[in-house]
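These are the residues of each chain, in order.
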Amino acid sequence: MARWCYRHRLVVLFLWVGAVLGLGFAGSAAGTNYADTFTLPNTDSTRAYDLMQKAFPERSGDTDTVVWKVDDGTVRDDSVRGRIEPALEEIGRMKGVGEVSSPYAAQGAGAAQISRDGRIAYAQITFTEQANGVPKALVEDVVDTAQDAERAGLRVELGGQAITRIQEPPTGLAEMVGILAAAVVLFLAFGSFFAMLLPLVVAIAALGTGLMATSLLSHVTDVPEVAPLLGSLIGLGVGIDYALFIVTRHRRGILRGMKPEESAVTALNTSGRAVLFAGGTVCIALAGMLVMNMRFLDGVVVATSLTVVLSVLAAVTLLPALLGLLGMRVLSRRQRARLAAAGPEPEEASGPAARWSAYVQRRPRAIAAGALLVMLVLALPVLSIRLGATDQGNHQDSTTTRQAYDLLAEGFGPGFNGPLQVVVDGGDAADTDALAATIRSTDGVARVAAAPPAEGITVIQVVPTSSPQSERTDQLIDRLRDDVIPQSGASAHVGGVTAVFKDFAAVTGERLPYFVAAIISLGFLLLMVAFRSLVVPLTAALMNLIAAAASFGVLVAIFQWGWGTELLGIGKEGPITAFLPVIMLSLLFGLSMDYQVFLVSRMHEEWVHTRDNARAVRVGLAETSRVINCAALIMICVFSAFVLSGDMEGAMAGIGLAAAVALDAFILRTALVPAAMHLLGNSNWWLPAGLEKRLPHLAVEPREEPAAGLHAPVAGAGAGAGAGGDGGSTVIHGFVRTPDGAPVEGAALTLLSKGGRQLDRVTSLADGSYIVSVPSAGSYLLAVTDRDHPSRARHLLVGTEPLVYDVELAEDEVDAVN
């Protein structure tokens with residue numbers, strides 16, 4: 001498929017452009033129909049909600065609030081009323097506003113909307129549409145009209161869902177900042193403008209189609225409003241990273257002398273396979289959220305999984321087409337010039353990555369202990385995690401919604417922003433009045449008001465003395481459910497937004513261990529099949545748990561304890577959103593599997609060839625750590641940018657995942673995992689023989705079969721013998737000499753697989769002799785470089801016997817590769 005996409009690149013590009021434009025047009029025409037369904041089956045708050053729906057159908061529109069406060073006098077003063085009343089009347093005449101309930105209503109009907117000290121009052125504005133459907137221009141007119149009534153000593157603020165929407169940053173700001181940051185990292189990594197564009201184009205194409213498809217799906221299934229934000233977050237990160245892994249492999253192949261088409265095909269057949277495997281694990285991890293049996297999460301699974309699938313599809317189809325368009329321009333000008341002048345580069349890991357890998361091998365105990373200590377310290381705050389819900393009280397101090405929230409809390413009590421509804425099913429008026437009286441005398445209750453019954457159902461509104469996010473409010477809910485209502489003998493249920501999120505937190509806490517066990521077990525099985533080992537997947541499972549604990553520790557410290565919230569500009573601290581642990585664990589599991597696969601697959605390949613664990617771990621870390629760290633840096637930039645999304649849940653997920661990726665890539669995969677594997681030695685690759693026979697074979701990397709038709713030079717005994725066989729390990733040996741027979745000392749000889757992997761590297765001795773190790777019979781590339789002679793490279797077919805091959809280097813010879 002990669003070759004077909006490469007050769008038919010214009011067709012592939014046309015199909016992708018058509019898909020993006022077609023879905024974009026359809027999505028724009030259809031609009032969105034996101035629905036935040038926070039109810040849970042078989043919970044007390046859901047029963048209360050269902051009863052309220054039966055007796056009091058929801059109003060068609062969103063209800064927002066205008067709050068005002070005077071410094072002197074009262075809100076009843078004519079000077080205040082003369083400014084506020086005309087503004088409210090003007091708002092009521094606006095098209096799209098259904099009703100305005102004023103505290104200045106005739107005969108004191110609105111007296112309850114004025115605080116006891118008379119300094120704070122509020123009016124409720126009911127729109128004819130839900131918050132998502134209210135035109136932004138209308139909301140802005142309402143805000144401007146209300147705040148125009150301000151004067152010295154009179155302050156006006158507004159709150160509500162529709163008002164919140166006009167405070168949000170421009171749509172796509174977080175994505176744009178993330179893309180720009182990723183572009184900088186990619187340019188520094190590649191040094192080529194065109195190579196930098198490739199992952200960005202692939203990610204944007206996948207993200208665009210994913211978001212438009214999600215908006216269309218919102219018309220046929222319940223998709224929460226936060227789902228496209230989370231889809232953008234994960235889709236942009238994995239889309240760029242998957243393309244990065246493939247482009248890096250493709251550039252390496254060209255630098256090693258392969259033609260662009262063959263390099264692209266090889267890159268897709270190697271790194272592309274790993275991308276398919278990694279993308280599949282991410283989707284499986286996301287689907288694990290279904291274990292929670294929360295209707296709200298179903299839409300999140302659909303949106304995020306769809307975006308990941310499209311990211312993988314773009315990486316394995318659109319990317320090879322783009323590689324075909326660029327050809328050699330995927331390299332920088334300097335790299336193309338060096339390749340033309342000096343010939344292929346036998347890739348050998350060098351620089352900081354190789355030095356760090358060697359250091360880890362020398363001091364595995366100290367590094368493992370240090371990395372583990374860092375992770376445990378960061379994980380300590382998770383012991384105090386408290387799940388709940390965020391609201392407008394968590395917005396930044398400068399926002400009008402936060403100011404309105406604080407004014408309402410000041411004038412009517414902190415519990416006014418999150419009242420509870422005790423829904424009584426049946427019973428006579430006397431019983432209901434008795435229950436209301438009992439609730440009124442309950443500790444933690446500020447005020448109680450019972451609405452007239454309808455359909456045999458009565459709603460008692462209970463305003464707590466504490467805020468919606470306070471633990472005392474949670475205790476009040478438990479007190480009502482466990483003591484007050486059962487003792488009254490009434491059939492009643494406690495509902496309201498605060499009760500719903502409390503039930504969400506409780507259900508999440510109960511089901512989370514099963515969810516974690518499911519995704520960890522699944523990861524263990526996948527890695528065991530892929531790497532034919534019990535210890536490697538067990539190590540990965542433990543590392544995933546450590547990474548999750550540390551990342552949630554960072555999340556608690558920032559969002560719950562408030563460390564750095566003002567610096568980050570993300571508002572006031574509060575509990576961690578109840579559904580966030582499930583979403584974050586799914587994403588974290590998938591991303592950790594990505595890095596584990598890319599790291600350990602290279603180690604496993606080296607282990608298969610050499611059966612030397614120390615070398616396998618050292619080489620695997622040296623050759624993959626740079627690209628893993630680069631990919632992680634891109635994800636950190638993308639995830640951190642979602643602090644600018646204007647959504648608290650999006651900011652929590654962004655910061656949490658950025659912390660998780662940073663800890664996973666820079667501490668776990670770069671230090672703790674390789675150090676642990678050095679300490680475990682050959683037991684890393686242990687698998688019982690009986691289990692080995694029963695496990696299916698799932699190859700992350702393709703088997704390297706000898707290519708038919710390659711001409712092998714007749715260079716001594718064994719040349720070409722057994723070509724195509726499956727013989728055991730052998731060697732290639734011989735001498736490196738000049739045309740006059742003088743030995744060449746210090747020439748570098750590198751044995752490369754057909755896919756461009758370095759298998760062995762040696763230097764010629766004083767007499768010019770060399771010997772390189774060959775893992776098995778097949779086709780290989782032997783590259784010879786020396787600073788005083790042009791480089792040479794030759795395909796060799798190696799059989800089951802040692803192959804003798806003498807190399808002749810001439811100073812005036814044209815480079816054989818070029």
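Scoring rules and cut-offs
Residues numbered from 1 in each chain as written. Predicted model: local features only at pLDDT ≥ 70, side-chain atom pairs only at ≥ 80, totals over all residues. Heavy atoms only, no water. Helix = DSSP H or I, 4+ residues; strand = E, 2+ residues; numbered from the N terminus. Buried < 20%, exposed > 50% of the residue type's maximum accessible area, 1.4 Å probe, protein only. Contact = heavy atoms within 4.5 Å. Areas by Shrake-Rupley, 256 points an atom, 1.4 Å probe, with all protein chains shown as cover. Lys, Arg positive; Asp, Glu negative; His and termini not counted. Charge placed at Lys NZ, Arg CZ, Asp CG, Glu CD. Salt bridge = Lys/Arg side-chain N within 4 Å of Asp/Glu carboxyl O. Patch = residues over 30% accessible without salt bridge, like charges linked within 9 Å, V, L, I, M, F, W, Y side chains within 5 Å. Axes fitted to C-alpha atoms, helices over the stretch in contact; angles between N-to-C directions. Left-handed = near helix turned anticlockwise from the far one by under 90°. Nonpolar A, V, L, I, M, F, W, Y, C, P; charged D, E, K, R; others polar. Pairing = 2+ DSSP bridges. pLDDT = per-residue confidence, 0-100. Parallel < 35°, antiparallel > 145°, perpendicular 65-115°, else oblique. Phe/Tyr/Trp six-rings, centres within 6.5 Å; stacked < 30°, edge-to-face > 60°. Lys NZ or Arg CZ within 6 Å of the ring centre and 35° of its normal.

## Observations regarding the overall build of the chain
Turning to step 1, where the next piece is worked out: For the chain, the count of helices and strands is 24 helices and 18 strands.
Turning to step 2, where the next piece is worked out: For the C-alpha atoms alone, the extent of the chain along its principal axes is close to 115 × 50 × 45 Å.
Turning to step 3, where the next piece is worked out: Here the chain holds 818 residues, and 56% of them are scored as buried.
Turning to step 4, where the next piece is worked out: The contacts in the chain between residues at least 6 apart in sequence include a share of 77% that link residues at least 24 apart.
Turning to step 5, where the next piece is worked out: Total accessible area on the chain stands at roughly 34,100 Å², and carbon and sulfur atoms take up 57% of it.
Turning to step 6, where the next piece is worked out: If you average the places of the 61 positive and of the 78 negative side-chain charges in the chain, the two averages end up 7 Å apart.

## Some thoughts on the pattern of salt bridges
Turning to step 1, where the next piece is worked out: The final tally for this structure, using the stated rule, is twelve salt bridges.
Turning to step 2, where the next piece is worked out: E262 serves as the salt-bridge partner of R3, at 2.9 Å between the closest nitrogen and oxygen. A residue pair is termed long-range when its members are at least 10 positions apart, and R3 in helix α1 (residues 2–7) and E262 in helix α10 (residues 260–287) qualify at 259 residues.
Turning to step 3, where the next piece is worked out: Of the residues examined, E262 reaches a relative accessible area of 34% and is grouped as partly exposed.
Turning to step 4, where the next piece is worked out: Of the charged contacts in the structure, one is a salt bridge between R155 and E157, with a shortest N-O distance of 3.4 Å.

## Remarks on a nonpolar patch on the surface
Turning to step 1, where the next piece is worked out: On the surface, a nonpolar cluster with roughly 520 Å² of combined accessible area is contributed by V184, F187, L188, F193 and F194.
Turning to step 2, where the next piece is worked out: Where the nonpolar patch is concerned, the elements lending two or more residues are α7 (173–190) and α8 (193–217).
Turning to step 3, where the next piece is worked out: Sort the elements by how many residues they give to the nonpolar patch and α7 lands first, with three residues.
Turning to step 4, where the next piece is worked out: On the basis of relative accessibility, which here comes to 39%, the residue F187 falls in the partly exposed class.

## A few points about the packing of helix α19 (residues 535–560) against helix α23 (residues 648–680)
Turning to step 1, where the next piece is worked out: Between α19 and α23, the least distance of the axes is 8 Å, while the angle of their chain directions is 140°. Judged by the sense of rotation from one axis to the other, the crossing of α19 with α23 is right-handed.
Turning to step 2, where the next piece is worked out: Counted by class, the contact of α19 with α23 contains 23 nonpolar, four polar and two charged residues.

## So, the sheet that holds strand β1 (residues 63–70)
Turning to step 1, where the next piece is worked out: Taken together, four strands build an open sheet; the order of strands is β2-β3-β1-β4 and the sheet is antiparallel. Looking at the sheet topology across the chains shown, the edges are occupied by β2 (97–101) and β4 (154–159). Adjacent strand axes in the sheet meet at a mean angle of 20°, parallel and antiparallel pairs treated alike.
Turning to step 2, where the next piece is worked out: As paired strands, β1 and β4 are joined by six bridges and run antiparallel to one another. The residue bridging T65 from the neighbouring strand is G159, located in β4.
Turning to step 3, where the next piece is worked out: Docked against the sheet, helix α4 (residues 78–92) engages β1, β2, β3 (120–127) and β4, running at close to 155° with respect to β2.
Turning to step 4, where the next piece is worked out: Contacts from helix α5 (residues 136–147) reach β1, β2, β3 and β4 within the one sheet, and its direction differs from that of β4 by about 160°.

## Re the confidence of the model for the chain
Turning to step 1, where the next piece is worked out: Averaged over every residue, the pLDDT of the chain is 82; the share at 70 or more is 90%.
Turning to step 2, where the next piece is worked out: In the model, residues 704–727 has pLDDT below 50 throughout and makes 45 contacts with residues more than four positions away in sequence or in other chains.
Turning to step 3, where the next piece is worked out: Across residues 814–818, confidence stays below pLDDT 50; counting only partners more than four residues off in sequence or on other chains, it has 14 contacts.

## What about the packing of α19 against helix α21 (residues 580–610)?
Turning to step 1, where the next piece is worked out: The N-to-C vectors of α19 and α21 enclose an angle of 135°; their axes lie 10 Å apart at closest approach. It follows that α19 is oblique to α21 by the angle criterion. Every pair of crossing elements has a handedness; the one defined by α19 and α21 is right-handed. Contact with α19, carried on its side by V536, A540, N544, A547, A548, S551, F552 and L555, involves L580, P581, M584, L585, L588, F589, S592, Q596 and V600 of α21 and no other residues of that element.
Turning to step 2, where the next piece is worked out: Counted by class, the contact of α19 with α21 contains 13 nonpolar, four polar and no charged residues.

## So, the packing of aromatic side chains
Turning to step 1, where the next piece is worked out: One pass over the structure, following the stated rule, counts nine aromatic pairs.
Turning to step 2, where the next piece is worked out: Ring geometry for Y122 versus F412: centroids 5.2 Å apart, planes at 85°, classification edge-to-face. Here Y122, found in strand β3, pairs with F412, found in helix α15 (residues 400–412); they are 290 residues apart in sequence, far enough to count as distant.
Turning to step 3, where the next piece is worked out: Chaining the aromatic ring pairs together yields one cluster made of Y122, F412 and F416.
Turning to step 4, where the next piece is worked out: Directly above the aromatic system of F735 lies the positively charged group of R737, at a separation of 4.3 Å from the ring centroid.

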